[in-house]
Amino acid sequence: MDDKDGSSEGRPVRIGIVSVSDRASRGEYEDRGGPAVLDYLGEVLVTPWEAETRVIPDEVELIRATLVELVDDAGCCLVITTGGTGPAPRDVTPEATAGVIEKELAGFGEAMRAVSRPHVPTAILSRQVAGVRGRGLIINLPGSPKAVRECLDAVFAAVPDCVDLIGGPYLETDRERVKAYRPH
């Protein structure tokens, strides 16, 4: 059973961060989305946590296998992906995510697109998906560090309650940064 601090028997909570990019996975481009997620979580989470990071190419089966591994085998209660959410032919992160989640949470994508739209007209092209797999919440984000921050700010207040509801560990946030909303 999970302690109030989020850990199970004193272990830090595990969070998966997956950067989906052909170029970054080949070392041709510096991954900036994954580090932006790490920075964000470092600012908002008070609960002790550790990251399981991956940088992988835009391949549906590899993305699916990585998400399954992080939730089912590594025990991540939260997996955040960056990249591969646009309309280009190689952008397949939402399709891969849809193939492994049990319940889609459409409100996450709606909120993220709504917050990005005033900043970038092309936000309507983004196809972020979020959903539940077992005791893990999976959220797709765009690859831009600015978009990572905007999108996480738009939805993170709901993340701890969602993780609670699916049987995951207790995630506590820095109330000065993000006040978790827990109506349940």
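Read on for a plain summary of the structure. (Residues numbered from 1 in each chain as written. Predicted model: local features only at pLDDT ≥ 70, side-chain atom pairs only at ≥ 80, totals over all residues. Heavy atoms only, no water.)

1. Structural notes on the pattern of salt bridges
Reasoning step 1: Using the criterion set out here, one finds 15 salt bridges in the structure.
Reasoning step 2: The salt bridge partner of glutamate 52 is arginine 14, with a shortest N-O separation of 2.2 Å. With glutamate 52 in strand β2 (residues 49-56) and arginine 14 in strand β1 (residues 13-20), the pair connects residues that are 38 residues apart, well separated along the chain.
Reasoning step 3: Looking at glutamate 52, the relative accessible area reads 16%, which means it is buried.
Reasoning step 4: In this structure, arginine 177 and aspartate 153 form a salt bridge, with 3.0 Å as the shortest nitrogen-oxygen distance. Separated by 24 residues along the polypeptide, arginine 177 in the segment after α7 (159-165) and aspartate 153 in helix α6 (residues 145-155) bring together distant segments of the chain.
Reasoning step 5: Three or more residues joined by partner-sharing salt bridges are found here, namely Arg14, Glu50, Glu52, Arg54 and Glu69. (Salt bridge = Lys/Arg side-chain N within 4 Å of Asp/Glu carboxyl O. Helix = DSSP H or I, 4+ residues; strand = E, 2+ residues; numbered from the N terminus. Buried < 20%, exposed > 50% of the residue type's maximum accessible area, 1.4 Å probe, protein only.)

2. Section: the pairing of strand β5 (residues 130-133)
Reasoning step 1: Side chains Ala130 and Val132 project from β5 onto one buried face, and the interleaved Gly131 and Arg133 project onto a second face that is buried too.
Reasoning step 2: Sheet topology places strand β4 (residues 103-104) next to β5; 2 bridges connect them, and they run antiparallel. Residue pairing across strands places glutamate 104 opposite glycine 131, the latter belonging to β5.
Reasoning step 3: Count of turn residues in the β5/strand β6 (residues 136-141) antiparallel hairpin: 2 residues, of which glycine 134 carries a positive phi of about 55°. (Pairing = 2+ DSSP bridges.)

3. What about the pairing of β6?
Reasoning step 1: The buried count for β6 comes to 6 of 6 residues, which makes it a mostly enclosed element.
Reasoning step 2: Both faces of β6 are covered, namely the face carrying Gly136, Ile138 and Asn140 and the face carrying Leu137, Ile139 and Leu141.
Reasoning step 3: Across 4 bridges, β5 lies against β6 in antiparallel orientation. Along β6, the bridge assignment pairs alanine 130 with isoleucine 139.

4. Structural notes on the nonpolar core
One broad rule of soluble globular proteins: the nonpolar side chains tend to lie buried together.
Reasoning step 1: The biggest cluster of nonpolar side chains holds 30 residues, and the ones touching the most others in it are Leu41, Leu78, Leu137, Ile139, Leu141, Phe156 and Val159.
Reasoning step 2: If you list the elements that add at least two residues to this core, you get β1, α2 (33-44), β3 (78-82), α5 (106-116), β5, β6, α6 and α7.
Reasoning step 3: Looking at which element gives the most residues to this core, the answer is α2, with 5 residues.
Reasoning step 4: If we ignore the near neighbours within four places in the chain, the residues touching leucine 137 are Cys77, Leu78, Val79, Leu105, Phe108, Gly131, Val159, Cys162, Val163 and Ile166. (Core = buried A, V, L, I, M, F, W, Y, C linked by side-chain atoms within 4.5 Å. Contact = heavy atoms within 4.5 Å.)

5. Things to note about the packing of α5 against α6
Packed helices, taken two at a time, are described by the angle their axes make and the gap between the axes.
Reasoning step 1: With their axes 8 Å apart at the nearest point, α5 and α6 run at an angle of 125° to one another. Judged by the inter-axis angle, α5 sits oblique to α6. Considering how the two elements wind past one another, α5 and α6 form a crossing that is right-handed. For the pair formed by α5 and α6, the contact residues are Phe108, Ala111, Met112, Val115 and Ser116 on the first element and Glu150, Cys151, Ala154 and Val155 on the second. (Axes fitted to C-alpha atoms, helices over the stretch in contact; angles between N-to-C directions. Parallel < 35°, antiparallel > 145°, perpendicular 65-115°, else oblique. Left-handed = near helix turned anticlockwise from the far one by under 90°.)

6. Observations regarding the packing of α2 against α6
Reasoning step 1: Where α2 meets α6, the closest approach of the two axes is 8 Å, and the angle between their N-to-C directions is 40°. Relative to α6, α2 is oriented oblique. Crossing angle aside, the handedness with which α2 passes α6 is right-handed. From α2, Gly33, Ala36, Val37, Asp39, Tyr40 and Glu43 reach across to α6, where they touch Pro145, Val148, Arg149, Leu152 and Asp153.
Reasoning step 2: Classifying every residue of the contact of α2 with α6 by side-chain character gives 6 nonpolar, 1 polar and 4 charged. (Nonpolar A, V, L, I, M, F, W, Y, C, P; charged D, E, K, R; others polar.)

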